[in-house]
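Report on the structure
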Amino acid sequence: MHTSGQNGNMNDADTQQHALFVERYVRDQNRVYRYILTLVPNRTEAEELFQQTSLTLWQLWREYDAARPFVPWACAIAHNHIRNFFRTYKGDRNIHLSDKVMDQVAAVRLASEDELEDRRAALTHCISKLDEAQRRLLERCYEASEPIAHVAEQSGMSANALYKLLGRIRRALHECINRTLDAREGSA
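Computed from a predicted structure; not experimentally measured. (Residues numbered from 1 in each chain as written. Predicted model: local features only at pLDDT ≥ 70, side-chain atom pairs only at ≥ 80, totals over all residues. Heavy atoms only, no water.)

1. Side note on the packing of helix H6 (residues 132-143) against helix H7 (residues 148-155)
Packed helix pairs are characterised by how far apart their axes lie and by the angle those axes make with each other. Relative to each other, H6 and H7 sit at 155 degrees, their axes nearing to 9 Å. Comparing their axes, H7 and H6 come out roughly antiparallel. Of the two elements, H6 crosses H7, and the hand of that crossing is right-handed. Touching Leu137, Arg140 and Cys141 of H6 are Ile148, His150, Val151, Gln154 and Ser155, all from H7. (Axes fitted to C-alpha atoms, helices over the stretch in contact; angles between N-to-C directions. Helix = DSSP H or I, 4+ residues; strand = E, 2+ residues; numbered from the N terminus. Parallel < 35°, antiparallel > 145°, perpendicular 65-115°, else oblique. Left-handed = near helix turned anticlockwise from the far one by under 90°. Contact = heavy atoms within 4.5 Å.)

2. Focus: the side chain of Thr53
Summarising the element assignment, Thr53 is placed in helix H2 (residues 43-59). Among the polar contacts made by the side chain of Thr53, one reaches the main-chain carbonyl oxygen of Leu49 at a distance of 2.8 Å. Not counting residues up to four positions away in its chain, the partners in contact with Thr53 are Val32, Ile36, Ala74, Ile77, Ala78 and His81. (Polar contact = N/O pair within 3.5 Å; in protein donor to acceptor, adjacent residues only side chain to side chain.)

3. Some details on the packing of aromatic side chains
Under the defined criterion, the tally for this structure stands at ten aromatic pairs. Where Phe21 meets Trp58, the ring centres are 4.9 Å apart and the plane angle is 85 degrees; that geometry is what we call edge-to-face. One end of the pair, Phe21, is in helix H1 (residues 12-39); the other, Trp58, is in helix H2, with 37 residues separating them in the sequence. Relative accessible area serves as the criterion here: at 28%, Trp58 is assigned to the partly exposed category. Aromatic pair Phe85 and Phe86: ring centres 5.5 Å apart, planes at 50 degrees, arrangement tilted. The same class applies to Phe85 as to Phe86, namely buried. Pairwise contacts between aromatic rings join Phe21, Tyr25, Trp58, Tyr64, Phe70 and Trp73 into one cluster. (Phe/Tyr/Trp six-rings, centres within 6.5 Å; stacked < 30°, edge-to-face > 60°. Buried < 20%, exposed > 50% of the residue type's maximum accessible area, 1.4 Å probe, protein only.)

4. Structural notes on the pattern of salt bridges
Taken as a whole, this structure holds twelve salt bridges when the rule is applied. The partner of Arg83 in a salt bridge is Asp103, and the shortest N-O contact between them spans 3.4 Å. Separated by 20 residues along the polypeptide, Arg83 in helix H3 (residues 70-89) and Asp103 in helix H4 (residues 99-111) bring together distant segments of the chain. Look at Arg83 and you get buried, because its relative accessible area is 18%. Overlapping salt bridges bring together Arg27, Asp28, Arg31, Arg34, Arg109, Glu113, Asp114, Glu117 and Arg120 as one network. (Salt bridge = Lys/Arg side-chain N within 4 Å of Asp/Glu carboxyl O.)

5. Regarding the environment of Glu23
Mapped onto the elements of the fold, Glu23 is located in helix H1. Through-space distance from the C-alpha of Glu23 to that of Arg83 is 27 Å; in sequence the pair is 60 residues apart.

6. Comments concerning the state of the cysteines
Enumeration over the complete set of coordinates arrives at one disulfide. Across the disulfide, Cys126 is cross-linked to Cys176 (sulfur-sulfur distance 2.1 Å). Here the S-S torsion is close to -85 degrees, and the disulfide linking Cys126 with Cys176 is therefore left-handed. Taken together, the residues span a long stretch of sequence, with Cys126 in helix H5 (residues 113-129) and Cys176 in helix H8 (residues 159-187) at a distance of 50 residues. The exposure classification of Cys126 matches that of Cys176, with both residues buried. Cys141 forms no disulfide, and the closest cysteine sulfur to it belongs to Cys126, at a distance of 19 Å. (Disulfide = S-S within 2.5 Å.)

7. As for a negative patch on the surface
Together, Glu115, Asp118, Asp182 and Glu185 give the surface a local cluster of negative charge. Those elements that provide at least two residues to the negative patch are H5 and H8. Topologically, Glu115 is positioned in helix H5. (Patch = residues over 30% accessible without salt bridge, like charges linked within 9 Å, V, L, I, M, F, W, Y side chains within 5 Å. Areas by Shrake-Rupley, 256 points an atom, 1.4 Å probe, with all protein chains shown as cover. Lys, Arg positive; Asp, Glu negative; His and termini not counted. Charge placed at Lys NZ, Arg CZ, Asp CG, Glu CD.)

Now the structure itself:
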């Protein structure tokens, strides 16, 4: 834990600021990681950049202004790490985004963060309403990334039939998400 002052103890203001930083970091770390994934689609590299960003956030916790939103501050730090990453490895990667384009993508991603978070929450709600077999099928095809042909064979159907079934499930989820979001807007 970081300390303040000559004696190594944090004062009450530091303790409160640190507690607020920890609360917001824990609550929003997944949002920062998803921001990084938007700009660095290679999961291994994104995880490395997230670790670097997290370390920097913890080193700079005293600089966080609790009166301002955490995610934009944290994503600005992540953005700097991403830029440095691209500059350092540009010769080794097939990256064609200029700094200007990357900044534009990052700005759009950050501007849509709240909407994306609402849609993610609605998706989780809607998936919970599916029957067990449908949830398992989604997990196998999308989370476990099992080949469609393999899942279809084990499910006793053709790959084409499985694609059609997944399409119906996705449409149902899409409609459920829209209804859920519309209901939330109507009650707000």
